[in-house]
Number of protein chains: 4
Amino acid sequence: MANHPVVELTSEASWNLIEDKFTPYGKETLVKLVAFLQDEVYPSSKLYHAQIPKDPVQRWKTVVPVIEELKVKARKLGLWNLFLSNAHYPQHGVPLSNLEYAVMAEILGRGGHVASEALNCSAPDTGNMEVLARYGSPEQQEKWLIPLLNGEIRSAFAMTERYVASSDARNINTSIRQEGNEIVINGHKWWISGAGDPRTKVHLVMGKSDPENPNGNIQQSVVIVPADAPGIRVVRPMEVFGYDDAPEGHCEIIYENVRVPVSNLVLGWGRGFEIIQGRLGPGRIHHCMRSIGAASKALDLMIQRVTDPSRKTFGKFLYEHGSVVAEIAKSRAEIESARLLVLSAALQIDKVKAKGALKEIGIAKFVVPEMACRVVDQAMQAFGAEGLSQDQELASMYAQLRTLRLADGPDAVHIQQVGQRELKRAPELHRRAAEFHRKEEAILRKAGLRAHL
Amino acid sequence: MANHPVVELTSEASWNLIEDKFTPYGKETLVKLVAFLQDEVYPSSKLYHAQIPKDPVQRWKTVVPVIEELKVKARKLGLWNLFLSNAHYPQHGVPLSNLEYAVMAEILGRGGHVASEALNCSAPDTGNMEVLARYGSPEQQEKWLIPLLNGEIRSAFAMTERYVASSDARNINTSIRQEGNEIVINGHKWWISGAGDPRTKVHLVMGKSDPENPNGNIQQSVVIVPADAPGIRVVRPMEVFGYDDAPEGHCEIIYENVRVPVSNLVLGWGRGFEIIQGRLGPGRIHHCMRSIGAASKALDLMIQRVTDPSRKTFGKFLYEHGSVVAEIAKSRAEIESARLLVLSAALQIDKVKAKGALKEIGIAKFVVPEMACRVVDQAMQAFGAEGLSQDQELASMYAQLRTLRLADGPDAVHIQQVGQRELKRAPELHRRAAEFHRKEEAILRKAGLRAHL
Amino acid sequence: MANHPVVELTSEASWNLIEDKFTPYGKETLVKLVAFLQDEVYPSSKLYHAQIPKDPVQRWKTVVPVIEELKVKARKLGLWNLFLSNAHYPQHGVPLSNLEYAVMAEILGRGGHVASEALNCSAPDTGNMEVLARYGSPEQQEKWLIPLLNGEIRSAFAMTERYVASSDARNINTSIRQEGNEIVINGHKWWISGAGDPRTKVHLVMGKSDPENPNGNIQQSVVIVPADAPGIRVVRPMEVFGYDDAPEGHCEIIYENVRVPVSNLVLGWGRGFEIIQGRLGPGRIHHCMRSIGAASKALDLMIQRVTDPSRKTFGKFLYEHGSVVAEIAKSRAEIESARLLVLSAALQIDKVKAKGALKEIGIAKFVVPEMACRVVDQAMQAFGAEGLSQDQELASMYAQLRTLRLADGPDAVHIQQVGQRELKRAPELHRRAAEFHRKEEAILRKAGLRAHL
Amino acid sequence: MANHPVVELTSEASWNLIEDKFTPYGKETLVKLVAFLQDEVYPSSKLYHAQIPKDPVQRWKTVVPVIEELKVKARKLGLWNLFLSNAHYPQHGVPLSNLEYAVMAEILGRGGHVASEALNCSAPDTGNMEVLARYGSPEQQEKWLIPLLNGEIRSAFAMTERYVASSDARNINTSIRQEGNEIVINGHKWWISGAGDPRTKVHLVMGKSDPENPNGNIQQSVVIVPADAPGIRVVRPMEVFGYDDAPEGHCEIIYENVRVPVSNLVLGWGRGFEIIQGRLGPGRIHHCMRSIGAASKALDLMIQRVTDPSRKTFGKFLYEHGSVVAEIAKSRAEIESARLLVLSAALQIDKVKAKGALKEIGIAKFVVPEMACRVVDQAMQAFGAEGLSQDQELASMYAQLRTLRLADGPDAVHIQQVGQRELKRAPELHRRAAEFHRKEEAILRKAGLRAHL
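Residues numbered from 1 in each chain as written. Chains lettered and ligands numbered in written order. Predicted model: local features only at pLDDT ≥ 70, side-chain atom pairs only at ≥ 80, totals over all residues.

Focus: the overall build of chain A
- The secondary structure content of chain A amounts to 15 helices and seven strands.
- Over its C-alpha trace chain A gives a radius of gyration of 24 Å, about what one expects of a compact globule, namely 22 Å for 453 residues.
- With the C-alpha coordinates of chain A rotated into their principal frame, the extents come out at 85 × 65 × 45 Å.
- Classification of the 453 residues of chain A by burial places 56% in the buried group.
- When contacts within chain A are restricted to residue pairs at least 6 apart in sequence, long-range pairs at least 24 apart make up 71% of them. (Helix = DSSP H or I, 4+ residues; strand = E, 2+ residues; numbered from the N terminus. Rg over C-alpha atoms; globule rule 2.2 N^0.38 Å. Buried ≥ 20, exposed ≤ 12 C-beta atoms within 10 Å, placed from the backbone. Contact = placed C-beta atoms within 7 Å.)

This is how it looks when you write it as structure tokens:
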């Protein structure tokens with residue numbers, strides 16, 4: 001069974017651990033996925049970047065031809081919307097478990113943004129489709145979900161705000177209020193991914209509809225806003241380490257008296273917090289698996305570089321110098337253990353839903369991106385200055401991974417949550433310790449010894 | 001299924017991942033094991049230590065009563081020799097896979113030396129039983145294996161030598177030569193675990209029978225030597241951070257013209273290297289799982305301490321200070337990922353034998369003991385000076401774990417082997433990269449772009 | 001100047017940095033110190049340990065002969081009480097600055113406990129002499145300080161309590177109350193260093209004389225208690241890992257209705273907190289410098305081991321394997337930077353007293369012992385199992401250094417204090433930032449640009 | 001003395017350590033420097049970036065107005081060419097030691113590229129001026145050094161080559177050969193800093209003039225090439241992460257049959273290796289000090305952010321969450337110790353020249369940039385996504401610091417060199433150990449004990 005094509009790109013041992021949890025459909029899809037990515041998608045990445053103009057205006061008006069061609073092929077092959085498990089989304093989903101998709105997400109992660117988008121599996125569309133599939137009205141689904149599922153349009157999710165510590169959702173300032181049959185939106189957002197893309201036709205905007213409500217979890221609502229609604233102003237793209245990620249972008253946006261019909265409200269007034277909670281679990285795992293794919297790819301590149309005879313110095317291969325072999329071994333170990341963590345979390349979601357897997361998701365969320373940054377950073381170092389440049393994908397990979405230590409909550413938030421969850425075990429541990437000491441004392445007494453030292 | 005008793009002591013998510021790989025017998029044994037350890041074995045640890053005299057001579061002459069009582073009970077319950085899988089040892093083994101025993105080994109690891117010995121699962125006897133079961137002649141098995149399997153005697157494996165870098169087996173100096181019908185042994189060993197125990201009746205001694213053989217792997221032989229053979233001199237116990245681990249001990253031993261019959265040769269002349277190779281794989285995994293149990297126990301203790309109201313300082317619980325919560329979260333993450341690594345390695349051994357699992361074993365070997373040392377060290381810090389003392393088990397646990405970064409090869413050896421194994425992937429990676437670049441160029445050409453930048 | 005004998009044992013660059021801050025007396029003393037330690041003290045360490053009986057009772061009744069011989073020689077050479085700077089202790093001190101003694105303390109640290117005691121510079125006597133010299137009455141000084149300065153007796157400082165989180169001094173439980181002309185002491189202490197030594201004639205006991213006082217800093221008093229006072233019971237020695245550090249020891253002690261005359265009160269009622277505050281600064285630096293000496297010694301040993309031809313494996317020196325060279329380089333870098341940190345703190349104490357050097361002392365306190373533990377741990381690893389044993393001094397060195405991460409406050413306390421001190425810079429930083437932005441805006445405006453982006 | 005203006009931006013304790021090594025001129029210059037930077041230079045940084053056009057062509061044709069204005073002011077103030085110590089460059093240098101300039105370099109480092117360039121102290125001009133001042137002929141100095149010293153032109157140093165592992169100078173491929181009275185240059189370089197700048201009038205080109213010479217250190221020569229010489233083609237700017245650092249840039253350049261008169265040869269045929277060796281020492285220290293300035297600035301920014309009331313989450317300041325205070329404390333400790341390392345190296349250069357300070361320079365070179373990257377990365381994390389963006393200077397600071405782990409030799413090279421230097425101490429350590437054991441044995445024998453265990 002070690003001969004499954006996925007083994008070449010991931011790991012035999014982890015495949016052995018989970019293979020029996022794959023359906024025949026899952027295995028077949030995986031085989032097709034590997035072939036399609038290797039034959040068509042991975043090698044199209046350079047073309048994709050070449051098709052984006054350097055001009056600071058034109059690059060934001062571009063629909064990259066190669067990506068649209070790949071999407072047609074992917075859909076024809078049935079490699080489409082694989083992220084949407086029919087276990088959770090019976091109507092629109094595909095028959096794949098989270099575990100099955102997690103493996104696929106790693107393979108996608110080796111291909112960067114191009115791979116995910118080519119299969120209609122790229123954020124923020126994925127999360128938005130989940131929201132609309134779960135919470136959208138039939139009309140909302142008809143109008144926005146179906147075109148998204150078809151890959152005909154793209155979308156944005158407008159949550160993060162400028163001048164606000166928005167990792168605490170209660171700090172959000174954007175105002176969402178009803179006026180007659182309309183909803184009026186005023187707010188100042190930034191880091192709105194996808195908002196730069198000419199194909200983006202819709203924003204899901206999170207704001208406060210009931211800011212004075214004493215219950216901080218029902219102050220927020222989510223509204224569907226067409227991207228061309230009057231009053232929306234895309235101020236500028238935000239850059240990450242100098243990258244603007246055009247045409248998708250992460251934009252600063254001002255919503256000024258933007259008006260939409262009341263029917264654009266998602267789920268109901270005050271349900272915004274509930275909506276974003278439901279959006280977070282599996283998506284985090286997918287980010288993690290893609291990160292593992294990226295780290296794994298970076299390690300492969302590093303191995304190629306340090307064994308490249310044209311890179312010898314002082315008569316020796318790079319791997320014969322210093323600690324290179326040890327670094328590679330440690331990176332390999334970190335990748336393997338990170339993959340197991342995420343697979344275990346994905347299975348846990350399958351078994352007991354995201355709510356029962358919060359510990360595993362939280363651990364993966366703070367362990368994996370940092371690990372991937374470290375592995376990629378080390379690979380960059382092996383490549384010398386070239387590793388930091390546009391001639392290798394490592395530097396942009398790093399920038400992308402670095403954002404994941406902040407996106408969906410900074411590392412520290414997840415670390416604290418996992419730690420607090422551990423502390424909740426304290427009463428049970430104290431109870432068990434007391435029981436243990438009773439037994440210990442009984443045993444000591446029976447042996448004629450004083451019960452305590 | 002999360003309600004399985006093992007979940008309380010290990011992890012629900014990892015149990016979910018492997019439960020379907022357990023046989024009904026495996027599950028049943030696991031339940032019994034947890035109950036027996038919690039009810040009888042763990043609470044006997046303090047008595048065990050109290051029953052060892054402080055006197056520097058008497059402590060080496062002691063058969064600790066409580067351990068012998070526990071052994072009787074364990075055997076009656078069928079919790080006996082669980083390490084010996086009948087997949088590898090059909091005649092003497094129990095019907096448990098490596099994966100199944102790995103889970104049990106973690107639970108044993110929470111109970112320190114006492115737990116393993118109580119179930120006749122403690123090193124070095126485990127490895128010695130494996131050697132005798134696999135390579136011993138019927139007479140050798142009758143005389144030494146059966147009493148070992150019965151827990152009637154204990155044993156030692158004499159490999160490491162004083163004044164010699166014996167992690168390279170070719171450096172070994174002990175001479176093993178035939179004189180007539182006898183084998184004569186001369187050598188200077190140390191760190192021979194178990195050699196201090198009055199119950200130890202036999203040494204397996206590794207030495208050179210053909211030191212000039214150009215093939216370094218057939219110079220060695222292994223000989224069975226009764227512990228009371230004339231010429232054996234136990235010089236002294238070696239200490240680890242001040243601990244002598246009496247009565248078992250890790251002793252310095254001089255073999256001076258020790259004579260045994262030729263029939264005491266194991267497997268055949270020149271087969272010593274082969275014997276120790278066969279001895280190493282699963283045992284390393286068991287050490288790793290026990291280490292995870294120890295780390296997991298240490299984290300539990302730390303959580304108890306930092307939530308103990310009597311340990312408040314400046315009006316706050318310890319966990320409310322500084323980075324304690326983050327440390328706990330990170331330790332939890334490290335324990336979970338380490339467990340998954342070792343379970344994955346154990347399954348890999350089950351699927352493709354130890355030889356096919358060398359990567360996974362190697363990774364576990366260098367990742368787990370260091371991780372466990374770190375977790376225990378951090379727990380010690382939370383306990384203050386008490387954590388370093390005889391009043392908590394943490395310091396002795398640390399000393400024990402610290403030796404595992406050296407036993408069966410120091411970390412660096414395993415790191416290098418895993419790294420070298422990665423480098424062997426280079427030709428395949430270069431081949432794949434060439435293929436990738438061909439495809440990439442074809443795609444660029446087809447799009448009318450120059451094939452390279 | 002690089003030829004100064006101290007350079008061989010420390011560092012040329014740091015000597016160049018501070019040499020002009022040494023007086024001629026300081027330099028001369030340093031030369032004598034190096035010679036005496038190398039010729040007489042360092043080589044006596046093995047004899048010292050050999051002269052301590054193994055017997056669990058006798059080892060606590062021993063005055064080690066060689067240490068008394070070395071003390072006579074040291075005193076004759078003027079290498080005596082070097083820790084006591086006459087800048088702070090004009091009556092009893094020696095004409096050395098903290099910086100000068102800091103360099104000497106590093107050299108002492110290479111010789112372990114023997115070196116410090118041989119020069120009458122070992123804790124807890126050093127701190128106790130400081131207390132008595134600064135706060136003792138003429139009678140107290142006559143009776144206890146003079147014999148301590150003469151090295152005729154030893155002493156203990158009883159602060160830490162069992163069952164109490166005593167890193168917060170307000171948690172201390174020991175009762176100190178006046179009855180007529182007597183003071184009555186009741187308390188349960190542990191980790192009282194020196195209390196096992198037959199030469200120890202006096203305890204300074206810290207307890208609460210006014211436990212209900214709303215000002216938590218004047219509840220405590222310190223009382224001088226003769227070691228043979230009725231009611232003192234030394235319960236047992238505490239062990240660190242497996243070491244008991246006999247004959248000095250770190251003992252558990254119960255004070256039960258111990259009575260001393262009121263004249264044994266130090267400084268005055270309620271002055272206990274003040275006394276221990278005054279005791280902490282320079283002593284912490286000395287511990288740090290000794291730790292650097294230990295780390296530096298460990299690195300020397302590691303270099304010897306990895307270049308030892310008898311330790312070759314697979315035909316290569318140990319240093320030719322893996323990451324050994326990199327580990328050595330990093331340890332060297334850490335030692336050099338730690339030394340500079342401590343020297344800088346020592347100079348800061350000289351310039352602006354301990355109170356003005358709290359930042360530097362705090363940084364040294366949490367950086368140095370952890371660094372030293374890491375360097376020694378790595379050296380142990382290079383030595384294999386022998387490194388953990390009684391045949392090398394590394395393991396006991398490690399145990400000693402490990403306690404320093406807890407003694408005088410655990411790492412976390414110092415980390416928090418340094419961090420809080422940084423936060424106190426916030427108002428000034430905000431003020432400066434506002435000023436900066438005003439200037440920036442003026443410059444942008446003058447250039448015809450909008451003041452903010 | 002703690003009131004010196006430099007203390008506000010660096011550290012009181014390190015100032016106390018070195019103040020007496022400053023001349024009155026050095027102190028006076030330092031005061032002027034701090035004032036000028038704070039009043040004029042730091043606040044001009046935003047204007048500098050605003051004056052660089054976004055257009056991908058125009059940005060490379062720009063002389064940024066504000067930098068030229070600042071240069072005029074700086075020169076008038078005597079804050080000019082401070083890097084060029086007259087101890088090494090008596091004719092053109094300023095009366096500052098390396099130690100004195102090191103302190104200034106840290107302050108410059110807080111202001112990024114703008115600060116260094118405003119004072120004519122920016123690489124690669126600094127190194128090129130050193131080369132011309134030390135090795136240039138009077139004609140070469142007249143033509144190129146004087147305008148550089150005057151800040152009228154800029155320059156490039158062309159060493160690194162594409163497709164070549166050029167950290168080993170013997171791998172360099174560029175051909176430099178004489179044809180009649182001319183030198184003909186053919187080669188393919190990249191990462192040539194400054195080559196994009198319209199003010200750059202001259203390249204110093206390193207190549208092989210005698211590639212077959214068995215002595216690898218005399219194969220190379222350095223030639224002065226006017227930037228507008230026919231045959232020079234600037235192919236493209238290299239990017240670091242997504243930054244192109246226009247207008248200066250780090251360019252790929254092809255030299256194709258470029259011809260210059262023989263008089264443009266620097267120092268002589270085959271002296272190229274000697275020239276680059278002489279160029280490296282002090283410059284590395286300056287990079288390190290600038291890095292410390294950057295790290296120190298980043299920590300200041302982090303402290304401001306975590307104490308900013310508008311960034312509270314869940315009702316608490318950021319510093320009240322998780323491990324923030326501990327991270328700040330550790331960063332502070334790392335900055336302080338790094339500064340001391342570099343100051344100590346600078347003083348060592350002053351005392352015994354760069355050759356005698358190779359250990360200290362090497363340590364600083366591998367410790368400081370990595371430390372600075374870590375500190376800045378942590379500050380970025382505190383700022384959330386904004387920290388990675390163009391709205392804070394942290395991300396570009398990180399990119400710049402990240403290149404320093406590769407420039408002038410990757411970390412690993414310096415780590416190996418420092419490690420190898422330590423190994424050279426082995427014979428002396430073995431000699432001392434033998435002497436020690438002789439003394440130890442004599443002492444044991446005299447005490448009537450067997451000399452060895």
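Focus on the relation of the copies chain C and chain D
- Once chain C is rotated about the relating axis by 180° and shifted along it by 0.0 Å, it coincides with chain D to within an RMSD of 0.0 Å. Between the two chains, the operation in question is that of a two-fold axis. The rotation axis passes nearest to the C-alpha of Ser337(C) in chain C, at a distance of 2.7 Å.
- Both copies share a contact surface, since 100% of the interface residues of chain C are interface residues in chain D too. (Least-squares fit on C-alpha atoms with pLDDT ≥ 70 in both.)

Details of the environment of Ile253(A)
Residue and element names in this part refer to chain A.
- Mapped onto the elements, isoleucine 253 comes out in strand E7 (residues 250–261).
- Taking the number of C-beta atoms within 10 Å as the measure of exposure, isoleucine 253 has 24 and is therefore buried.
- Sequence separation between isoleucine 253 and glycine 278 is 25 residues; the distance between their C-alpha atoms is 25 Å.
- Apart from the residues lying within four places of it in its own chain, the contact partners of isoleucine 253 are Ala158, Lys189, Ile192, Ala195, Ile232, Arg233, Val234 and Val235.

Examining the UniProt feature "domain: Acyl-CoA dehydrogenase/oxidase N-terminal" (unreviewed entry) in chain A
- Following the UniProt record, one finds the feature "domain: Acyl-CoA dehydrogenase/oxidase N-terminal" (unreviewed entry) at residues 68–152 of chain A.
- Along residues 68–152 of chain A, the helical share is 61% and the strand share 0%, with 10 Å between the first and last C-alpha atoms. (UniProt positions renumbered as here; feature names shortened; annotations may be inferred.)

A few points about the pairing of strand E2 (residues 175–179) of chain C
Residues and elements named next belong to chain C.
- Bridge analysis of E2 against strand E3 (residues 182–193) gives five bridges, and the strand direction is antiparallel. Bridged to isoleucine 176 within E3 is isoleucine 185.
- Counting the residues between successive antiparallel strands, the hairpin from E2 to E3 contains two residues, one of them, glycine 180, with a positive phi of roughly 60°. (Pairing = 2+ DSSP bridges.)

Quick look at the interface of chain B and chain C
- Each partner contributes residues to the interface: chain B has 35 residues there, and chain C has 36 residues.
- Residue assignment for the side of chain B that touches chain C shows that the elements contributing at least two residues are helix H13 (394–404) and helix H14 (411–423) of chain B.
- If you tally residues by element for the side of chain B that touches chain C, the top one is H13(B), at four residues.
- Considered class by class, the residues forming the side of chain B that touches chain C number 16 nonpolar, 12 polar and seven charged. (Nonpolar A, V, L, I, M, F, W, Y, C, P; charged D, E, K, R; others polar.)

Some words on the domain arrangement of chain A
Residue and element names in this part refer to chain A.
- For chain A, the domain assignment lists domain 1 (5–147), domain 2 (154–268) and domain 3 (273–417).
- Here domain 2 and domain 3 have C-alpha centroids that lie 30 Å from each other.
- Between domain 2 and domain 3, the residue contacts involve 13 residues of the former and nine residues of the latter.
- Counted by class, the side of domain 2 that touches domain 3 contains 10 nonpolar, three polar and no charged residues. (Domains from an automatic or database assignment.)

Some thoughts on helix H5 (residues 65–77) of chain D
Residues and elements named next belong to chain D.
- The end-to-end C-alpha distance of H5, which contains 13 residues, comes to 19 Å, matching closely the 18 Å that a straight helix rising 1.5 Å per residue would cover.
- Those residues of H5 lying buried are Val66, Ile67, Leu70 and Ala74. Axial view of H5: buried residues confined to an arc of 90°, hence all on one face. In H5, those exposed residues whose orientation departs by more than 90 degrees from the buried face are Pro65, Val72 and Lys76.
- Residues of H5 that are buried sit in contact with helix H3 (24–41), helix H4 (45–50) and helix H7 (112–118). (Expected span 1.5 Å × (residues − 1). Arc of directions from axis to C-beta.)

Notes on the relation of the copies chain B and chain C
- With an RMSD of 0.1 Å, chain B superimposes on chain C once it is rotated by 180° and translated 0.0 Å along the axis.
- Mapped onto chain C, 100% of the interface residues of chain B again fall at the interface, so both copies present the same surface.

A closer look at the interface of chain C and chain D
- At the interface, 54 residues of chain C touch 54 residues of chain D.
- The biggest single contributor to the side of chain C that touches chain D is helix H11 (residues 324–356) of chain C, with 16 residues.

Some words on unusual backbone geometry
- Going from Ala246(B) to Pro247(B), the amide bond is cis rather than trans, its omega being 5°.
- By the element assignment, Pro247(B) lies in the loop between strand E6 (232–238) and strand E7 (250–261).
- Even without glycine at this site, Asn257(B) takes up a positive phi of about 50°.
- For Asn257(B), the position within the fold is in strand E7.
- Looking at Asn257(B), the number of C-beta atoms within 10 Å reads 10, which means it is exposed.
- Of note, the phi angle at Asn81(D) is positive, near 55°, even though the residue is not glycine.
- Topologically, Asn81(D) is positioned in the loop between H5 and helix H6 (98–109).
- Note on Asn81(D): 23 C-beta atoms within 10 Å, which makes it buried.

Topic: the environment of Ala395(C)
- As for its placement among the helices and strands, Ala395(C) is situated in helix H13 (residues 394–404).
- A tally of 28 C-beta atoms within 10 Å means that Ala395(C) is categorised as buried.
- With 260 residues separating them along the chain, Ala395(C) and Tyr135(C) place their C-alpha atoms 38 Å apart.
- Those residues in contact with Ala395(C) that lie beyond four places of it in its chain are Phe241(B), Met380(C), Gly387(C), Leu388(C) and Ser389(C).

Re the packing of helix H14 (residues 411–423) of chain A against helix H11 (residues 324–356) of chain B
- As a packed pair, H14(A) and H11(B) sit with axes 8 Å apart at the nearest point and diverge in direction by 85°. On the basis of the axis angle, H14(A) is roughly perpendicular to H11(B). For the pair H14(A) and H11(B), contact is made by Ile415(A), Gln416(A), Val418(A), Gly419(A), Gln420(A), Glu422(A) and Leu423(A) and by Val325(B), Ala326(B), Ile328(B), Ala329(B), Lys330(B), Arg332(B) and Ala333(B), respectively.
- When the residues that make up the contact of H14(A) with H11(B) are grouped by side-chain class, the tally is eight nonpolar, three polar and three charged. (Axes fitted to C-alpha atoms, helices over the stretch in contact; angles between N-to-C directions. Parallel < 35°, antiparallel > 145°, perpendicular 65-115°, else oblique.)

Observations regarding the packing of helix H3 (residues 24–41) of chain C against helix H6 (residues 98–109) of chain C
All names here are of chain C.
- Where H3 contacts H6, the axes come no closer than 11 Å and their chain directions differ by 10°. In this view, H3 runs roughly parallel relative to H6, as classed from their interaxial angle. Contacts between H3 and H6 involve Gly26, Leu30, Leu33, Val34 and Leu37 from the first element and Glu100, Val103, Met104 and Ile107 from the second.
- Among the residues making up the contact of H3 with H6, the classes are represented as seven nonpolar, one polar and one charged.

Examining the environment of Gly109(A)
Residue and element names in this part refer to chain A.
- If you trace the backbone, glycine 109 turns up in helix H6 (residues 98–109).
- Sequence spacing of glycine 109 and valine 223 is 114 residues, and the spatial spacing of their C-alpha atoms is 31 Å.
- Here glycine 109 is in contact with Met289, Arg290, Ser291, Ile292, Gly293 and Ala294, once residues within four sequence places are set aside.

Overview of the pairing of strand E1 (residues 154–158) of chain B
Residue and element names in this part refer to chain B.
- Burial of E1 is extensive: five of the five residues sit out of reach of the surface.
- Alternating residues of E1 divide into Arg154, Ala156 and Ala158 and Ser155 and Phe157, and every residue in both groups is buried.
- Looking at chain direction, E1 and strand E4 (residues 200–208) are connected through five bridges and run parallel. When the sheet's bridge partners are listed, alanine 158 is paired in E4 with valine 205.

With respect to helix H9 (residues 138–149) of chain C
Residues and elements named next belong to chain C.
- A rise of 1.5 Å per residue sets the reference length of H9, with its 12 residues, at 16 Å; its end C-alpha atoms lie only 14 Å apart and thus fall more than 12% short of the reference.
- In the core, the buried residues of H9 are packed alongside helix H8 (125–135), strand E1 (154–158), strand E4 (200–208) and strand E5 (220–226).
- In the segment just after H9, glycine 151 is the residue with positive phi, at about 70°.

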